[in-house]
Amino acid sequence: MTPAVIPVSLPPDASAAERSLLGKALSAWEVALPVRFEQTSAVLARLEIRFARVGEGDPRRTSGLTAADCDLRESPPSVERAVVSLRRANLDVLDRPVALSDEELLGTALHELGHALGFQGHVAHGRSVMVRNTEAVRRMGRGVLAGEALRAPSVQALYRVPSGAIVGRIALASGPARRLVDLAEVASVRGWPGPWVRVGDRGGRIFWRSPRGGEAALQLLDWSAARRDPQGLVLLPNPSAWSALQGEPPG
Ligand SMILES: [Zn+2]
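Reference entry: report on the structure contained in this document. (Residues numbered from 1 in each chain as written. Predicted model: local features only at pLDDT ≥ 70, side-chain atom pairs only at ≥ 80, totals over all residues.)

## Here we look at the packing of helix α2 (residues 102–116) against helix α3 (residues 134–145)
The test is simple: Lines are fitted to the C-alpha atoms to define the axes, a helix being fitted only along its stretch in contact, and any angle between axes, read from their N-to-C directions, falls within 0 to 180 degrees. Numbering of helices and strands starts at the N terminus; helices are DSSP runs of H or I of at least 4 residues and strands are runs of E of at least 2. Any angle that falls under 35 degrees is termed roughly parallel, while one over 145 is termed roughly antiparallel, one within 65 to 115 roughly perpendicular, and all others oblique. C-beta atoms are first placed from the backbone for all residues, and any pair lying within 7 Å is then listed as a contact. Ten residue types, Ala, Val, Leu, Ile, Met, Phe, Trp, Tyr, Cys and Pro, are classed as nonpolar, four, Asp, Glu, Lys and Arg, as charged, and the remainder, Gly among them, as polar.
As a packed pair, α2 and α3 sit with axes 7 Å apart at the nearest point and diverge in direction by 105°. The pairing of α2 with α3 is recorded here as roughly perpendicular in orientation. The segment α2 lies against α3, with D102, E103, E104, L106, G107, T108, L110 and H111 engaging V137, R138, M140, G141, R142, V144 and L145. For the contact of α2 with α3, the class distribution of residues is 6 nonpolar, 4 polar and 5 charged.

Structure representation (structure tokens):
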């Protein structure tokens, strides 16, 4: 298979040691998947790796954060742009920053890159970098640092599925379905590009890009629970989607 070329940017403020660790993470994914990374600037990158700003996310619980936006206008849909934010330190119980070790930073980068490459969930069992358990992710970082191959069978399986393949359907209740159709109509009248979709293992959002960088979005609350009870799927408009649905002029 011809590898897909992905333009990637590294954090501009990364030290030589950090750049080397991130390079190792990218190389490990190049071996695991039919992808090849090409370094470029943050503006041109489809995959931007950066260090998290102070106050971003929950420093006690997460070492990394990824947002991948999938462009549904294309056929097959593709990940248009992904941003991976990595933390250099976590806070301990007394709120003191504790710097991540090399294996922690590498493990976290490998895990977050897995999300950026399109795997939105976590695996429950087995040896995989996509488990939620941070200790297991750290061990994976240590292994790759020692020259072992990255283990990511679920992501490899995902890449064997043709892009755009439908793997499941959830019927929307009439309320949320109406909301989605109405917002799509408003967006089309106003010429807002979209829709894009961003999905995590619980929540997600379907959005259009309104002028001045805003997003008119419907938030999916706990879509995984909706697999069991489709009637329970909630699509919550954000303020700009709400005012669009009310027929208010774009502000
Ligand atoms: Zn994760």
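So that's the structure; there's more coming.
## A short note on the nonpolar core
Short version of the rule: Buried Ala, Val, Leu, Ile, Met, Phe, Trp, Tyr and Cys residues whose C-beta atoms connect them within 7 Å together make up a nonpolar core. Counting other C-beta atoms within 10 Å of each residue's C-beta, where C-beta atoms are placed from the backbone, gives the exposure class: buried for 20 or more, exposed for 12 or fewer, partly exposed between.
Residues A25, W29, A109, L110, L113 and L150 are the most contacted members of the largest nonpolar core, which totals 35 residues. When residues in this core are grouped by element, the largest group, 7 residues, is from helix α1 (residues 16–32). Those residues in contact with A25 that sit more than four places away from it in its chain are L106, A109, L110 and L113. Judged by nonpolar contacts, the second largest core, of 15 residues, contains I206, A217, L218 and A241.

## Concerning the pairing of strand β10 (residues 215–221)
Threshold: Any two strands between which DSSP finds at least two bridges are classified as paired.
When strand β9 (residues 204–209) meets β10, the two strands line up antiparallel, connected through 6 bridges. Residue pairing for β10: R209 is matched across the bridge by E215. Taking the residues between adjacent antiparallel strands as the criterion, β9 and β10 are bridged by 5 residues, where R212 takes a positive phi near 60°. Relative to strand β11 (residues 234–237), β10 is paired through 4 bridges, and the arrangement is antiparallel. Paired with Q219 across the two strands is L236, which belongs to β11.

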